[in-house]
Every structure is written in C-alpha cells, then in structure tokens.
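Below are the chains, spelled out letter by letter.
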Amino acid sequence: MALILALDFGGTKLAAAIANLGSSEWLRYERRLSPANTDAKTDLEIMRSLIYSLLQNIKPTAIGVSFGGPVDAVIGTVRLSHHVAGWENIPLKKLLEQEFGVLASVDNDANVAALGEHRFGAGQGYDSLFYITISTGIGGGWILNGKPWRGASGMAGEIGHIVVDPAGPICLCGKQGCVERLASGPYMAQDVRENLLKEPVQLRGHQGKILRELVNNNLDLITGKVVSEAAAKGDERAIIILQRSAWALGIAIGNAANLINPQRFILGGSVTKSGENWWNVVQKTARETALPEIDFDIVSAALGDDAPLWGAVALAESGL
C-alpha cells in the first residue's frame, strides 16, 4: 500500500502524519509545539524526530509539506518565515528528497490548506473557493476552476497584507493597518497588553479586570486565546480588540468577493474559535463591503487545525 507522509511547519507548532494513498483517515499522527525563540535548524530537528517516530523504518511513497511562510512551490524552496528565524532560502524539497529518496512537494500553508479543504473538507463540490487561515499570521489560498491558483510568482492569497486602515498600527511587513496587524492572534494579544499597561494605576482594578484575572495579573501571559476567552466573559477591552479583528477580516473578505467572486470562503486557524460574536461581525462586515449582487458564503474549515496536513496529503498525491 502506498504511504503518504504529510508535514506541517507552522509558526508555533510542528505536525506530521501518515495515511494510505486514497484514504481519509490517519494511520499515525504526531504534533509538537515549537520551543520559544526557535529557529529553522531546531524546527528541522524536531520534525525529523516526528517523521522517524511515525515511519518506524517504513519508506513513504511521497511527501507533502505545508510551510507557514512564502514558498517557491515550483522548486520547493522556502523563501522565509515571518515568525521563525533562519528559514531564508532553505531548499526544503531537496533536503527531504535527499534524506528519504522519494518525491517531495512543498507549498505555503494557506495554499496547502485550501487544497485540503477542497479535497477532504468544506470545499468538496465547489470549484472556486478562498481558504483563509487566521492564527499566528493571516494568509489565504485560492482554488479556481478546481485547481490551486498561486499567482505569477506564487504570492497570490496574501490577504493578511491587504491594508484596511492606512492610519493603523505598523505591521511586521512595514505597512500600516494590514489585516494581519489587526486580526491575528499575537497582534491582538500585543495590543491588549499595551492598552492595559497604559492605563492609569487607579483604573487598573476596573479596566480589563477579566483579562487580568485570567492571567493572574501577569500581562506577559496574554495570548490571542486569552483575549477570546475574556471577550466571551464580557471583558470590554477584549471585546473591542476582538471586534476590530473581525471587522478587518470582514473588510478584506468583502473586497476579495468583489474582485474574484469565489463561491465560498473557508476560514481556519485558532482565531476562528473566538466565538459567535466574532463570526457575526465578520459575516456582517463582509456582506456590507461586497456588492449586493455578489453571492458567496463564509464557513468554518471542516478539517480544523488539520487542514494543512490533509492538504499536504493532496499535494503529495498530485505529484504522483
């Protein structure tokens, strides 16, 4: 039986799994969080240990890889990672093929997750869709006419760097008011921390009270998940930041609907677990931004956090 090895290099986690060719169930699966201040060398070492633990001396038929950053999918070289140091121009496809002696295919995580949802998840039966991951960063992957569309140089789908607030805060990319700067988990956490630190001492028992309680007043422990939890419990400061996140994403989705007119938008990533209010603001803002004549729907990824891994399976199978 042909065996597919699927790998996912995320911004904060690494995952690997194996499945039989044509199957929709994992044979084995392993996942590990990246250490703090990790680099490419460390992530590669961790991934190798996951791979050998899974394979147990069995040779895979093909390897598919989802990578959290820009990738030249034609040659399988990672251009860089926005969140992990040392990935500049790493020939990941070549490294894997040399070590395991089989064909490897590598692409950006959003493109790969789009493939996964199209083949195995919420995109089944649709020939045009846009998958968006909202997590450590924000990216997108297109399926048009049933096939991946990467753009002229492989950079299509970078919805996280659409500017929705030109006077907004500066993003890692250098522009102001990008969707990623307003809507990704780490940036939401950063903005909440900065807001709480700016409060006058006499107000610190009232403003952001729920946020402070959730982290025992250690603001360094605030994450995007904590912001979501605090908002669900009624913390006004967290609600403002979370709604701004949903608004920014909704603006970008509405504009993408106007520009390309896909049938479906599929949203995945940790921030999509932020609750009903977040989803309502995304839906409402996207509808108000798009032309009324344009028909589309916005749904949650059916494969959850496994969308990039299942996409890696589809990517590997497409190369056979």
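Residues numbered from 1 in each chain as written. Predicted model: local features only at pLDDT ≥ 70, side-chain atom pairs only at ≥ 80, totals over all residues. Heavy atoms only, no water.

Some details on the domain arrangement of the protein
Step number 1: Assigned domains within the protein: domain 1 (3-121 + 304-319) and domain 2 (159-300).
Step number 2: Here domain 1 and domain 2 have C-alpha centroids that lie 28 Å from each other.
Step number 3: Facing four residues of domain 1, the contacting portion of domain 2 comprises four residues.
Step number 4: Buried surface at the junction of domain 1 and domain 2, both sides included, amounts to about 360 Å², of which 51% is carbon and sulfur.
Step number 5: Contact with domain 2 buries surface across domain 1, with His82, Glu117 and Asp305 losing the most and accounting together for 82% of the total.
Step number 6: Between the two partners, domain 1 and domain 2, sit one salt bridge.
Step number 7: Lys273 is the partner of Asp305 in a salt bridge, and the nearest nitrogen-oxygen pair spans 3.1 Å.
Step number 8: At the junction of domain 1 and domain 2, the tally comes to one residue pair in polar contact (both at pLDDT 80 or more).
Step number 9: Grouping the amino acids of the side of domain 1 that touches domain 2 by side-chain chemistry returns no nonpolar, two polar and two charged. (Domains from an automatic or database assignment. Contact = heavy atoms within 4.5 Å. Buried area = accessible area lost by both parts, 1.4 Å probe. Salt bridge = Lys/Arg side-chain N within 4 Å of Asp/Glu carboxyl O. Polar contact = N/O pair within 3.5 Å; in protein donor to acceptor, adjacent residues only side chain to side chain. Nonpolar A, V, L, I, M, F, W, Y, C, P; charged D, E, K, R; others polar.)

Thoughts on the sheet that holds strand 7 (residues 103-108)
Step number 1: The mixed open sheet is built from five strands, whose spatial order is 3-2-1-4-7. Edge positions in the sheet fall to strand 3 (28-33) and strand 7, since each of these pairs with one other strand and no more. Within the sheet, the average angular offset between the axes of one strand and its neighbour, ignoring direction, is 15°.
Step number 2: Pairing between strand 4 (residues 62-67) and strand 7: six bridges, direction parallel. Looking at strand 7, one finds that Ser66 is bridged to Asp107.
Step number 3: Of the strands in this sheet, strand 1 (3-9), strand 2 (13-20) and strand 3 are in contact with helix 1 (residues 40-55), which crosses strand 2 at around 25°. (Pairing = 2+ DSSP bridges. Helix = DSSP H or I, 4+ residues; strand = E, 2+ residues; numbered from the N terminus. Axes fitted to C-alpha atoms, helices over the stretch in contact; angles between N-to-C directions.)

Considerations on the state of the cysteines
Step number 1: Enumeration over the complete set of coordinates arrives at zero disulfides.
Step number 2: Free cysteine: Cys171, not disulfide-bonded; nearest cysteine sulfur from Cys173 at 3.8 Å.
Step number 3: This cysteine, Cys178, is not joined by any disulfide, and Cys173 carries the nearest cysteine sulfur, 3.6 Å off. (Disulfide = S-S within 2.5 Å.)

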